[in-house]
Amino acid sequence: MKRYAMIGLGGRSSFFYTALAKDFVKTSLIVGFCDTNQTRMNVANDHLAKLSYASAPIPTYKAVDFDKMIEDTKPDEVIITTMDQKPMTIDEVRCKAIIDAVERTGKKVRVTFNYRYAPHNTKVFELLGEGAIGQVNSIHFEWALNTSHGADYFRRWHRDKRNAGGLLVHKSTHHFDLINFWLRSSPVSVVAQGGLMFYGRENAEKRGVTEFYTRAHGSEVAKKDPFALHLEEHEQLRKMYLEAEHEDSYYRDQSVFGDGISIEDTMGVLVKYGNGAILTYSLIAYSPWEGFRAVFNGTKGRLELDVVEMSYVNSGGEQGAEGALEKCSITLRPLFEKPREIEVQGGLGGHGGGDPVLLNDLFGENVEEDRFGRAADHIDGARSILTGIAANKSLRTEGVVWVKDILDLKN
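About the cut-offs
- Residues numbered from 1 in each chain as written.
- Predicted model: local features only at pLDDT ≥ 70, side-chain atom pairs only at ≥ 80, totals over all residues.
- Heavy atoms only, no water.
- Helix = DSSP H or I, 4+ residues; strand = E, 2+ residues; numbered from the N terminus.
- Buried < 20%, exposed > 50% of the residue type's maximum accessible area, 1.4 Å probe, protein only.
- Contact = heavy atoms within 4.5 Å.
- Areas by Shrake-Rupley, 256 points an atom, 1.4 Å probe, with all protein chains shown as cover.
- Lys, Arg positive; Asp, Glu negative; His and termini not counted.
- Charge placed at Lys NZ, Arg CZ, Asp CG, Glu CD.
- Patch = residues over 30% accessible without salt bridge, like charges linked within 9 Å, V, L, I, M, F, W, Y side chains within 5 Å.
- Salt bridge = Lys/Arg side-chain N within 4 Å of Asp/Glu carboxyl O.
- Polar contact = N/O pair within 3.5 Å; in protein donor to acceptor, adjacent residues only side chain to side chain.
- Expected span 1.5 Å × (residues − 1).
- Pairing = 2+ DSSP bridges.
- Axes fitted to C-alpha atoms, helices over the stretch in contact; angles between N-to-C directions.
- Domains from an automatic or database assignment.
- Buried area = accessible area lost by both parts, 1.4 Å probe.
- Phe/Tyr/Trp six-rings, centres within 6.5 Å; stacked < 30°, edge-to-face > 60°.
- Lys NZ or Arg CZ within 6 Å of the ring centre and 35° of its normal.

Chemist: Could you give me a rundown of the overall build of the chain, with the residues and numbers involved?
Modeler: Counting its secondary structure elements, the chain contains 15 helices and 15 strands. Referenced to the eigenvectors of the C-alpha coordinate spread, the extents of the chain come out at roughly 65 × 60 × 40 Å. When each of the 411 residues of the chain is scored for burial, the buried share is 54%. Look at the contacts in the chain between residues 6 or more apart in sequence, and 76% of them connect residues 24 or more apart. Surface summary for the chain: the accessible area is close to 18,800 Å², and the carbon and sulfur share equals 50%. Distance between charge centroids for the chain: 3 Å, based on 50 positive and 57 negative side chains.

Chemist: If you had to explain a nonpolar patch on the surface to someone new, which residues and values would you point to?
Modeler: Residues V188, V400 and W402 make up a contiguous nonpolar surface patch of roughly 260 Å² in combined accessible area. By the element assignment, W402 lies in strand β15 (residues 401–402). The partly exposed category is assigned to W402, whose relative accessible area is 42%.

Chemist: Which residues make up the side chain of E309, and what values do they have?
Modeler: Tracing the backbone through its elements, the reader meets E309 in strand β11 (residues 301–309). There is no salt bridge for the buried E309, and the closest opposite charge comes from K171, which lies 6.2 Å off by N-O distance. Polar side-chain contacts of E309 include one of 2.9 Å to the side chain of Y115. Look past the residues within four positions of E309 in its chain and what remains in contact with it is Y115, W143, E290, G291, F292, G323, A324 and E326.

Chemist: Now, about helix α9 (residues 172–183): what can you tell me, with residues and values included?
Modeler: Taking 1.5 Å per residue, 12 residues should reach 16 Å; α9 reaches 16 Å between its end C-alpha atoms and fits that length. In terms of burial, α9 is largely enclosed, as 12 of its 12 residues are buried. Within α9 the residues assigned to the buried category are S172, T173, H174, H175, F176, D177, L178, I179, N180, F181, W182 and L183. Directly after α9, the chain includes R184, whose backbone phi takes a positive value near 55 degrees.

Chemist: Explain the sheet that holds strand β2 (residues 28–35) to me, using residue names and the numbers behind them.
Modeler: Strand order across the open sheet formed by four strands is β3-β2-β1-β4, with parallel pairing between neighbours. In the strand order of this sheet, the two ends are held by β3 (60–62) and β4 (77–80), each with one partner. The sheet shows a mean angle of 25 degrees between the axes of neighbouring strands, taken without regard to direction. Where strand β1 (residues 2–7) meets β2, six bridges bridge the pair, whose relative direction is parallel. Bridged to A5 within β2 is G32.

Chemist: Which residues make up the domain arrangement of the chain, and what values go with them?
Modeler: When the domains of the chain are assigned, the result is domain 1 (2–82) and domain 2 (114–199 + 261–354 + 368–405). When each unit is reduced to the centre of its C-alpha atoms, the spacing between domain 1 and domain 2 is 30 Å. Contacts between the two partners involve four residues from domain 1, matched on the other side by five residues from domain 2. Considering only the surface of domain 1 that becomes buried against domain 2, G11, R12 and F15 emerge as the three largest contributors, covering 87% of it. On the surface where domain 1 and domain 2 come into contact, there are one salt bridge.

Chemist: How would you sum up the side chain of T387? Please name residues and give values.
Modeler: If you trace the backbone, T387 turns up in helix α14 (residues 378–397). In contact with T387, other than residues within four places in its own chain, are F176, P187, V190 and V271.

Chemist: Account for the pattern of salt bridges, naming residues and giving values.
Modeler: In the structure shown here, the tally under the stated rule is 31 salt bridges. A salt bridge links D380 to R383; the nearest nitrogen and oxygen atoms lie 3.7 Å apart. Placement of both D380 and R383 in helix α14 is noted, with a separation of three residues, approximately one turn of the helix. Residue class for R383 comes out partly exposed when judged on its relative accessible area of 27%.

Chemist: Describe the sheet that holds strand β8 (residues 266–273), naming the residues involved and giving the relevant values.
Modeler: If you walk across this open sheet you meet the nine strands as β13-β12-β11-β10-β6-β9-β8-β7-β15, and the pairing is mixed. Bordering the open sheet on either side are β13 (340–342) and β15, each of which pairs with just one other strand. With eight bridges joining them, strand β10 (residues 291–298) and β11 adopt antiparallel strand pairing. Across the sheet, residue G291 finds its bridge partner in β11, namely V308. Packing against the sheet, helix α5 (residues 119–129) makes contact with β6 (136–146), β10, β11, β12 (325–334) and β13, and its axis sits at approximately 175 degrees to β11.

Chemist: Residue-level account of the packing of aromatic side chains, with values.
Modeler: The geometry of an aromatic ring pair is captured by two quantities: the separation of the ring centres and the angle between the planes. Going through the model one piece at a time under the given rule, you end up with 24 aromatic pairs. A ring pair is formed by Y199 and Y286, whose centres lie 6.4 Å apart and whose planes are at 80 degrees; its orientation type is edge-to-face. Of this pair, Y199 sits in the loop between β7 (187–195) and α10 (201–206) while Y286 sits in strand β9 (residues 278–287), and the two are 87 residues apart along the sequence. Judged by its relative accessible area of 0%, Y199 falls in the buried class. Ring geometry for F227 against F257: centres 5.1 Å apart, planes inclined by 80 degrees, an arrangement best described as edge-to-face. Within this pair, whereas F227 is found in the loop between α10 and α11 (235–240), its partner F257 is found in the loop between α12 (245–248) and β8, the two being separated by 30 residues in sequence. Here the two residues F227 and F257 agree in accessibility, since each one is buried. Three or more aromatic residues joined by ring pairs form one cluster here, namely Y115, F141, W143, F176, W182, Y281, F292 and F296. The aromatic ring of Y153 is capped on one face by R156, whose charged end is 5.2 Å from the ring centroid. The lysine or arginine in question, R207, covers the ring of F198, its NZ or CZ lying 4.3 Å from the ring centre.

Right, dumping it as structure tokens:
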């Protein structure tokens with residue numbers, strides 16, 4: 001049985017500790033919680049108590065006592081769900097530090113890219129590997145975040161680019177990893193355009209908005225704003241954030257049309273890969289629908305993936321429904337032949353059905369070797385964020401950025 005400690009008890013953490021307490025008690029034991037905020041650790045322990053988890057309450061440690069937690073609880077592995085937990089890290093300096101630490105200690109880093117495990121994404125990997133469309137020459141990848149999920153990045157700590165590197169690093173790390181995974185290749189050069197074109201006070205004023213507020217809680221103006229998030233109406237959000245503000249003054253419900261937003265909401269990226277393929281990528285955060293489209297053009301035909309996902313707000317509802325499928329289709333269009341629909345099995349659960357498959361791969365009993373090689377390590381994590389880091393540099397310089405000039409993974 002493996003012993004797990006967790007650092008960071010925000011919205012993403014319950015995905016892991018709930019699974020360990022409900023589905024993987026035979027293989028796993030939670031031994032410690034670590035966070036800057038005691039209230040959020042208490043919320044996690046309350047949740048485990050409701051699940052009748054035998055080891056609850058879990059010992060809690062403030063962030064300054066991380067080393068003490070390791071000494072006291074002796075975990076085999078640490079699950080990191082701090083900000084920013086979605087990419088491995090957010091810049092090349094810290095990325096290099098992680099790579100150096102792995103090489104120095106011989107320890108392993110696992111980056112939990114759940115979208116690799118979604119059955120439709122795995123099927124694309126399989127089809128491309130079988131040569132269904134020959135050599136892949138170009139990919140168009142469009143991701144749409146809607147006015148619920150997309151807007152949420154502009155209410156939270158993500159709105160400050162210093163915290164998360166902007167959506168091209170924070171959110172797009174999943175998307176760029178999928179491209180690396182599908183192509184079995186790495187980015188070589190990047191060009192990007194983008195800006196804050198919808199959210200923020202200045203954009204709202206251009207559209208004629210005259211009433212503004214700083215945060216939704218306690219605001220009469222916010223009651224008329226469909227973009228406002230009312231923490232008191234969501235039990236989990238109320239407990240984790242509204243009732244935890246006295247410790248760190250973190251406001252989860254900031255106005256998406258307020259001042260101080262330094263991230264982009266509209267982005268376009270052109271990427272050249274080591275195998276010669278070209279990617280055109282688009283991301284917007286104010287779409288009327290949630291999902292993505294990926295089109296692959298090859299020497300023998302074309303492969304089209306269309307996905308519509310259920311909308312959500314992080315920690316605002318049932319976590320298993322986050323990114324769950326509404327509909328999905330894969331169409332193969334061989335040259336000089338009729339197109340055909342590709343059947344995909346599974347797809348139940350969060351993030352296109354990838355979440356339960358990932359969790360089993362991480363914590364399950366007698367896990368078989370994955371023939372698709374979906375487990376991502378620190379090098380995969382580096383490759384995914386380097387596309388976004390290069391894109392951010394291109395936004396600043398308005399030029400082509402060579403990935404090896406930022407961090408050369410061959411050295």
